[in-house]
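# Fold and contact review
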Amino acid sequence: MFSDLMSLADKMQGCRVMIIGDMLADVYLEGKVSRISREAPVLILEHTGEVVIPGGAANTVHNAATLGGIVLAIGVIGQDSTGSELIRVLGNKGVITDGLVIDELRPTITKTRVMAGGQATVRQQIVRIDRDTGKPLSPLTEETLLNWVKTNINGVSAVVISDYGSGTVTSSIRSWVVDTCQAKKIPSLVDSRYNIAAYSGITLAKQNEAEAATALGLKMIDANEMDQAGVELLERINAEAVLITRGPAGMSLFEKSREPVHMPVTNKSEVYDVTGAGDTVVATMALALAAGATYMEAASMANLAAGVVVRKPGTATITPQELRKAIEGYYENY
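Residues numbered from 1 in each chain as written. Predicted model: local features only at pLDDT ≥ 70, side-chain atom pairs only at ≥ 80, totals over all residues. Heavy atoms only, no water.

## Description of the overall build of the protein
As a reminder, the rule being used: Under the DSSP-based scheme used, a helix requires at least four consecutive residues in state H or I and a strand at least two consecutive residues in state E, with every element numbered from the N terminus. With the radius of gyration taken over C-alpha atoms, the globule rule is written as 2.2 Å times the number of residues to the power 0.38. Whether a residue is buried, partly exposed or exposed follows from its accessible area with a 1.4 Å probe, protein chains only, as a fraction of its type maximum: under 20%, in between, or over 50%, in that order. Between two residues, a contact is recorded if the distance between any of their heavy atoms is within 4.5 Å. For every accessible area listed, the method is Shrake-Rupley and the probe measures 1.4 Å; residues are considered covered only by the protein chains on display. Neither His nor the chain ends contribute to the count of charged residues, in which Lys and Arg are positive and Asp and Glu negative. Lysine's charge is taken at NZ, arginine's at CZ, aspartate's at CG and glutamate's at CD.
A tally of regular secondary structure across the protein gives 10 helices and 13 strands. Relative to the 2.2 N^0.38 estimate, which gives 20 Å for 334 residues, the radius of gyration of the protein is 20 Å and therefore close to what a compact globule would have. Counting only C-alpha atoms, the protein reaches 65 × 50 × 40 Å along its principal axes. Here the protein holds 334 residues, and 53% of them are scored as buried. The contacts in the protein between residues at least 6 apart in sequence include a share of 68% that link residues at least 24 apart. As displayed, the protein offers around 15,600 Å² of accessible surface, 49% of which is attributable to carbon and sulfur atoms. Counting 30 positive and 37 negative side-chain charges, the protein places the averaged centre of each group 3 Å from the other.

## A few points about the environment of M23
With respect to the helices and strands, M23 occurs in strand β2 (residues 23–36). Residues M23 and D222 lie 199 residues apart in sequence; the distance between their C-alpha atoms is 33 Å. Filtering out sequence-adjacent residues up to four positions away, M23 remains in contact with G55, A57, A58, V61, A73, I74, G75, V76, L86, L100 and I109.

## Some words on the side chain of T66
Applicable threshold: Within 3.5 Å is the distance limit for a polar contact, defined as a pair of N or O atoms, with the added protein rule that one can donate a hydrogen and the other accept it, and that residues adjacent in sequence qualify only through two side-chain atoms.
Take T66: it is sitting in helix α2 (residues 57–66). Within the local environment of T66, its side chain forms a polar contact with the backbone oxygen of H62, the two atoms lying 2.7 Å apart. When sequence neighbours within four positions are dropped, the list of residues in contact with T66 reads K93, T317, I318, T319 and P320.

## Details of the sheet that holds strand β7 (residues 124–131)
Defined as follows: When DSSP finds two or more bridges between a pair of strands, those strands are recorded as paired. Helix axes are fitted to C-alpha atoms over the stretch in contact, other axes to C-alpha atoms as well, and angles between N-to-C directions run from 0 to 180 degrees.
The 4 strands are arranged β3-β2-β6-β7 in an open sheet whose pairing can be described as mixed. Each end of this open sheet is capped by a strand with a single partner; those strands are β3 (43–56) and β7. With strand direction ignored, the average angle separating the axes of adjacent strands in the sheet is 20 degrees.

## What about the environment of G91?
With respect to the secondary-structure elements, G91 resides in helix α3 (residues 81–92). Here G91 falls in the partly exposed class, since its relative accessible area comes to 36%. Sequence-wise, G91 and V190 are 99 residues apart; in three dimensions their C-alpha atoms are separated by 24 Å.

## Focus: the sheet that holds strand β10 (residues 204–208)
The mixed open sheet is built from 9 strands, whose spatial order is β5-β4-β1-β8-β9-β10-β11-β12-β13. Here the strands that pair on one side only, and so sit at the sheet edges, are β5 (100–103) and β13 (261–263). Taking the axes of each pair of neighbouring strands and ignoring which way they run, one obtains an average angle of 15 degrees across the sheet. Where strand β1 (residues 16–21) meets strand β8 (residues 158–163), 5 bridges bridge the pair, whose relative direction is parallel. Paired with G21 across the two strands is S162, which belongs to β8. Where α3 meets the sheet, its contacts fall on β4 (70–78) and β5, and the angle it forms with β4 comes to roughly 175 degrees. Here helix α5 (residues 171–184) sits on the sheet in contact with β1, β8 and β9 (188–192), set at roughly 155 degrees to β8.

## So, α3
Here is the rule we go by: Helices are assigned an expected span. That span is 1.5 Å times one less than the residue count. Arc, as used here, means the arc of the directions from the helix axis to the C-beta atoms.
For α3, spanning 12 residues, the distance from its first C-alpha to its last is 16 Å, which sits close to the expected 16 Å at 1.5 Å a residue. Those residues of α3 lying buried are T82, G83, L86, V89 and L90. When α3 is viewed along its axis, its buried side chains cluster within an angular range of 125 degrees and face the same direction. α3 presents S81 and N92 as exposed residues on the side facing more than 90 degrees away from its buried surface.

## Side note on α2
For α2, the tally of buried residues reaches 10 of 10 residues, placing the bulk of the element in the interior. Taken as a whole, α2 has its buried residues at A57, A58, N59, T60, V61, H62, N63, A64, A65 and T66. At the exit of α2 stands G68, carrying a positive phi of roughly 105 degrees.

## Brief notes about unusual backbone geometry
A positive phi angle is found at K185, which is not glycine, with a value near 60 degrees. For K185, the location among the structural elements is in the loop between α5 and β9. In this structure K185 comes out as exposed when scored by relative accessible area, which is 74%. Look at N238: it is not a glycine, yet its phi comes out positive at around 55 degrees. When you line up the elements, N238 lands in the loop between α7 (226–236) and β11 (241–245). Take N238: its relative accessible area is 40%, and that puts it in the partly exposed class.

## Quick notes on the side chain of E255
Inspection of the secondary structure assignment puts E255 in strand β12 (residues 251–255). The residues contacting E255, other than those within four sequence positions of it, are L234, E240, A241, Y295 and M296.

And the structure:
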């Protein structure tokens, strides 16, 4: 499989994919501890910097673009500095951002983390502030998004829906995308935190263990019950394949008319930070399927990609060079 994956890594370059979903901005406010406030028993931080990193569906976009894909991003941002910065960051990666619709009545979905540390102390998160209206899209915004999808879907080789539950993926958008991808035989993938049952007919669904358990009405999935759970989820949503990510236990792939395949993690002793790793998995699988990979090949590639990003702090991406190195390293030690 080594030569197949190396060839696939090359074929993924330049593949055109569409990613639809909840575009988030992860904002990190950096500060140096100065003193204790006289007004309240809280720390006073001297502001030292601020950075905006793509999160949610935007992290999937960021990953796919960094891996060499041509990415069409479709979602909603606010008329604010955070949304503008998100467009700038993604645009610098070559992402086609025309499908990021600006809604003046909604803020850009933002998770702001206040980080503090000093020369002799570890950098720590003090507080997180979330900004999200939670309101349904206006009919005009929904129509604008759907029209952009309809206008551009013919030119893509895979479509990803990244549904974090913030309302970007409406029932109309979801139904049109799933039905159209089926008719046009375009691989469609979904990563849905809360509503996977609504994606009947999707090509491939990605879930973590907790999400899969919730979808099946379970508190958790025991390792001995994983095969049964995966097959049941596959049947419930009528997908071609389901991938369940299992943290330190690796990943499990379920396909119609095939036995389940369980893949161990590729860097068990070096796991650092799993933040955003699921987005890396979906982005990698989308590019692999767009390049003509089997589900097994796509899942293997995604497993290797995840093994790289979990070594990096925070929401991270992987380059084609890092992916090829991961393939080489894994098979050298296999």
